[in-house]
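Below, each chain spelled out in residue letters.
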Amino acid sequence: MSLKNKLATTLLSSAVGLAASFSVTANAAEQTYVTIGTGGQTGVYYVVGQSICRLVNRQTADHGIKCTAPSTGGSVANINAVRQGQQDMGMAQSDWQFHALHGSKHQTFKEQGKFEDLRALFSVHNEPFTLVARADSGIEHFDDLEGKRVNLTNPGSGTRGTMEVIMEEKGWTNETFKLAAELKSAEQAQALCDNKIDAMIYAVGHPSGAIKEATTSCDAKVIPVTGDVINKLIKENDFYANATIPGGMYKGSDQDVATFGNAATMVTSAKVDADTVYQVVKAVFDNFDRFKRLHPAFNNLDPKAMISGGLSAPLHEGAVRYYKEKGWM
Ligand code: GLU
């Protein structure tokens, strides 16, 4: 090839390259990015977020929305990230959805005041408050945690917040425990089996990877969370209910275990665009059978119950549009 021809070829290919990069830019400009805050990778929020994004991203060519669902610190961190515009949507326990809306109970919510722009999309599975203890710890009931090494989980998790609600009612402080650890949900099974802690807690759907990890890696069992304080919490708050962790679900726990729990919900902000919210909700409910197959905790979900139960914030207008189209409201 002569030098001249070579030059011409180079010029041509860079022109093609330029055209290609222009069209990439044009597509990128039309694309909307949606982030859904989840929780630890061995929880169920992570599965919810990943599943929803998978369904949304199947239709990116049609609606231009690209969805990601990173692992996060959990409910309270998600609500705060949505409030600050760092995440578009997030998973949140029904108790913390309520308290964020009212600016109550949790330190960070009280400081920020009412989150009036908080909007609900739907609720998902139930989350029994789950206590798992080493078999050699002597812990047979929640009340036995006094004087033990307990992982309270990271600040920002909904689990931590709910634990603090129970502790407040019981008049417990961090001093009540021999050790009050702050490991993240995904770190606690290993800490339990390494004998660094006696007990771990997790408000989570079942079966959960974290509880499976703890009960298969060492001798550990699910422990009842019951009593006057729990009954009082259930009686005084619509977002709490009696819950059972079915026997046989985890190694070492053949009998049903009684506890209480909340609903897992998905929230967003009124500031998030209605068309985007509409498409995300549509991706879930248009493909509902597929969604339900993605985790056993979703087995019994029913769309009409999901758009009413466990929600305290108003539904987002984009979600309402879809639910009305379906005749669900
Ligand atoms: N409910 C938990 C929390 O907010 C997260 C559960 C999960 O990741 O599935 O701390």
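- The protein is annotated in an unreviewed UniProt entry as Immunogenic protein from Neptuniibacter caesariensis.

### Focus: the pairing of strand 7 (residues 199-203)
- For strand 7, a buried count of five out of five residues is recorded, marking the element as mostly surrounded by other parts of the structure.
- The two faces of strand 7 match: Ala 199, Ile 201 and Ala 203 on one face and Met 200 and Tyr 202 on the other face are all buried.
- Bridge count for strand 4 (residues 118-134) against strand 7 is five bridges, and the pairing is antiparallel. Following the sheet pairing, Thr 130 is matched in strand 7 by Tyr 202.
- Pairing between strand 5 (residues 149-151) and strand 7: two bridges, direction parallel. Bridge assignment links Asn 151 to a residue of strand 7, and that residue is Met 200.

### Here we look at the site of the ligand
- In the vicinity of the ligand lie 14 residues, with Val 44, Tyr 45, Ser 75, Gln 93 and Ala 203 positioned nearest.
- In this structure, Val 44 approaches the ligand through a main-chain N or O atom, which is 2.6 Å from an oxygen atom.
- In this structure, a nitrogen atom belonging to the ligand sits 3.0 Å away from a side-chain N or O atom of Glu 127.
- Within the complex, the protein chains bury 98% of what would otherwise be the 300 Å² of accessible surface of the ligand.
- Among the elements of the structure, helix 7 (158-170) and strand 7 are those that each provide at least two residues to the shell around the ligand.
- Considering only residue class, the shell around the ligand consists of five nonpolar, eight polar and one charged.

### Topic: helix 4 (residues 75-83)
- Buried residues dominate helix 4, accounting for seven of its nine residues.
- When helix 4 is considered as a whole, its buried residues turn out to be Ser 75, Val 76, Asn 78, Ile 79, Asn 80, Ala 81 and Val 82.

### So, the pairing of strand 10 (residues 257-269)
- Judged by how many residues are buried, strand 10 sits mostly within the fold: twelve of 13 residues are covered.
- Here strand 3 (residues 89-93) runs beside strand 10; their pairing, made up of five bridges, is antiparallel. Bridging across to strand 10, Gln 93 finds its partner in Ala 264.
- In terms of strand pairing, strand 4 meets strand 10 through eight bridges, oriented antiparallel. Opposite Asn 126, over in strand 10, you have Ala 263 as the bridge partner.
- Where strand 9 (residues 241-245) and strand 10 come together, five bridges link them in antiparallel fashion.

### Here's the deal with the environment of Thr 68
- By the secondary structure assignment, Thr 68 is in strand 2 (residues 65-68).
- On the basis of relative accessibility, which here comes to 45%, the residue Thr 68 falls in the partly exposed class.
- The spacing of Thr 68 and Gly 49 is 19 residues in sequence and 7.8 Å in space, taken between C-alpha atoms.
- Here Thr 68 is in contact with Val 34, Thr 35, Ile 36 and Cys 53, once residues within four sequence places are set aside.

### Notes on the packing of aromatic side chains
- In this structure the tally under the stated criterion is 18 aromatic pairs.
- Ring geometry for Phe 285 against Tyr 323: centres 5.8 Å apart, planes inclined by 80 degrees, an arrangement best described as edge-to-face. You can see Phe 285 sitting in helix 11 (residues 274-286) and its partner Tyr 323 sitting in helix 14 (residues 317-325), a full 38 residues away along the chain.
- Phe 285 gets classed as buried once you look at its relative accessible area, which sits at 6%.
- Among the residues examined, Tyr 323 registers a relative accessible area of 0% and is labelled buried.
- Ring centres of Tyr 322 and Tyr 323 lie 6.3 Å apart, and the angle between their planes is 75 degrees; this geometry places the pair in the edge-to-face category.

### Focus on the state of the cysteines
- Summed over the entire model, instances satisfying the criterion amount to two disulfides.
- What pairs with Cys 53 in a disulfide is Cys 67, and their sulfur atoms sit 2.0 Å apart. Taking the sign of the S-S torsion, -55 degrees for the link of Cys 53 and Cys 67, the bridge is left-handed. Of this pair, Cys 53 sits in helix 2 (residues 45-57) while Cys 67 sits in strand 2, and the two are 14 residues apart along the sequence.

The rules behind each value
- Residues numbered from 1 in each chain as written.
- Predicted model: local features only at pLDDT ≥ 70, side-chain atom pairs only at ≥ 80, totals over all residues.
- Heavy atoms only, no water.
- Buried < 20%, exposed > 50% of the residue type's maximum accessible area, 1.4 Å probe, protein only.
- Helix = DSSP H or I, 4+ residues; strand = E, 2+ residues; numbered from the N terminus.
- Pairing = 2+ DSSP bridges.
- Near = heavy atom within 4 Å.
- Polar contact = N/O pair within 3.5 Å; in protein donor to acceptor, adjacent residues only side chain to side chain.
- Areas by Shrake-Rupley, 256 points an atom, 1.4 Å probe, with all protein chains shown as cover.
- Nonpolar A, V, L, I, M, F, W, Y, C, P; charged D, E, K, R; others polar.
- Contact = heavy atoms within 4.5 Å.
- Phe/Tyr/Trp six-rings, centres within 6.5 Å; stacked < 30°, edge-to-face > 60°.
- Disulfide = S-S within 2.5 Å.

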